Amino acid sequence: MPYHVDTLVVGCGNVLFKDDGFGPMVIHKLEEYFEDKEMPDETMLVDAGTGATHFIFSLPDEKWKKVIVIDVVEFDAEPGTVKVFSPFDMPKGKYENVHTWPVEEPLHELAESCEVVIVGCKPGEITSPDVEMGLTEEVENAIPEAMDIILKEIGAI
């Protein structure tokens with residue numbers, strides 16, 4: 001299996017639709033962070049882009065102990081607010097993949113075999129179907145907070 005590790009950190013989203021690119025951008029920043037630091041053993045960073053459902057739900061590995069999903073999540077907060085969710089407290093009907101399929105149920109199934117942590121950021125603007133790259137200022141400013149949460153979750157700080 002290509003993702004045969006204890007901890008998988010998965011950035012979800014489409015960089016073509018403004019804040020929807022939050023997950024991939026956080027993964028990119030984490031990769032930069034670990035350029036001159038050692039990443040914890042048995043940890044892998046994956047920019048899943050719009051293929052997150054494929055990476056997470058169709059390729060699960062029995063070795064996984066923790067899956068950390070990084071994505072934008074619609075919830076009652078100001079844009080750029082970062083919050084940690086369990087798959088069981090995700091806002092109903094507000095967490096969907098790029099094709100508007102709800103992903104709560106597959107996350108619940110995954111949580112039966114390993115710990116699932118969702119690091120969600122309230123988006124300011126998602127431009128789909130119009131292409132507009134780059135994060136809004138509020139969401140870009142949320143990247144360090146999301147990184148701190150993830151680094152603690154993987155035991156890097």
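What counts, and where the lines are drawn
- Residues numbered from 1 in each chain as written.
- Predicted model: local features only at pLDDT ≥ 70, side-chain atom pairs only at ≥ 80, totals over all residues.
- Heavy atoms only, no water.
- Helix = DSSP H or I, 4+ residues; strand = E, 2+ residues; numbered from the N terminus.
- Buried < 20%, exposed > 50% of the residue type's maximum accessible area, 1.4 Å probe, protein only.
- Contact = heavy atoms within 4.5 Å.
- Areas by Shrake-Rupley, 256 points an atom, 1.4 Å probe, with all protein chains shown as cover.
- Core = buried A, V, L, I, M, F, W, Y, C linked by side-chain atoms within 4.5 Å.
- Pairing = 2+ DSSP bridges.
- Axes fitted to C-alpha atoms, helices over the stretch in contact; angles between N-to-C directions.

(A) Expanded view of the overall build of the chain. Helix and strand counts for the chain come out as 5 helices and 5 strands. In the chain, the succession of α and β elements from N to C terminus is β-α-β-α-β-β-α-β-α-α. Looking at the 157 residues of the chain, the share that counts as buried comes to 48%. Across the chain, every contact between residues at least 6 apart in sequence was considered, and the portion connecting residues at least 24 apart equals 76%. In the structure as shown, the chain presents an accessible area of about 8000 Å², 49% of it carried by carbon and sulfur atoms.

(B) Inspection of the side chain of Thr 136 at higher detail. As for its position among the elements, Thr 136 is in the loop between β5 (115–121) and α4 (137–141). Filtering out sequence-adjacent residues up to four positions away, Thr 136 remains in contact with Lys 18, Asp 19, Gly 124 and Glu 125.

(C) The arrangement of the nonpolar core in detail. By size, the foremost hydrophobic cluster in this structure holds 24 residues, and its most contacted members are Val 9, Phe 22, Val 26, Leu 30, Val 119 and Ile 150. Secondary structure elements with two or more residues in this core: α1 (22–33), β3 (66–72), β5 and α5 (143–153). Tallying contributions element by element places α5 first for this core, with 6 residues. Setting aside residues no more than four positions away along its own chain, Val 26 makes contact with Ile 70, Ile 143, Ala 146, Met 147 and Ile 150. In this structure, Val 46, Trp 64, Met 90 and Ile 118 belong to the second largest nonpolar core, which totals 19 residues.

(D) Highlighting the sheet that holds β5. The mixed open sheet is built from 5 strands, whose spatial order is β2-β1-β3-β5-β4. The open sheet terminates on both sides in strands that have one partner only, identified here as β2 (43–49) and β4 (82–85). Mean inter-strand twist for the sheet, computed between neighbouring axes without regard to direction, equals 20°. In this sheet, β2 lies alongside strand β1 (residues 7–12) in parallel orientation, the contact comprising 6 bridges. Looking across to β2, one finds that Val 10 is bridged to Val 46.

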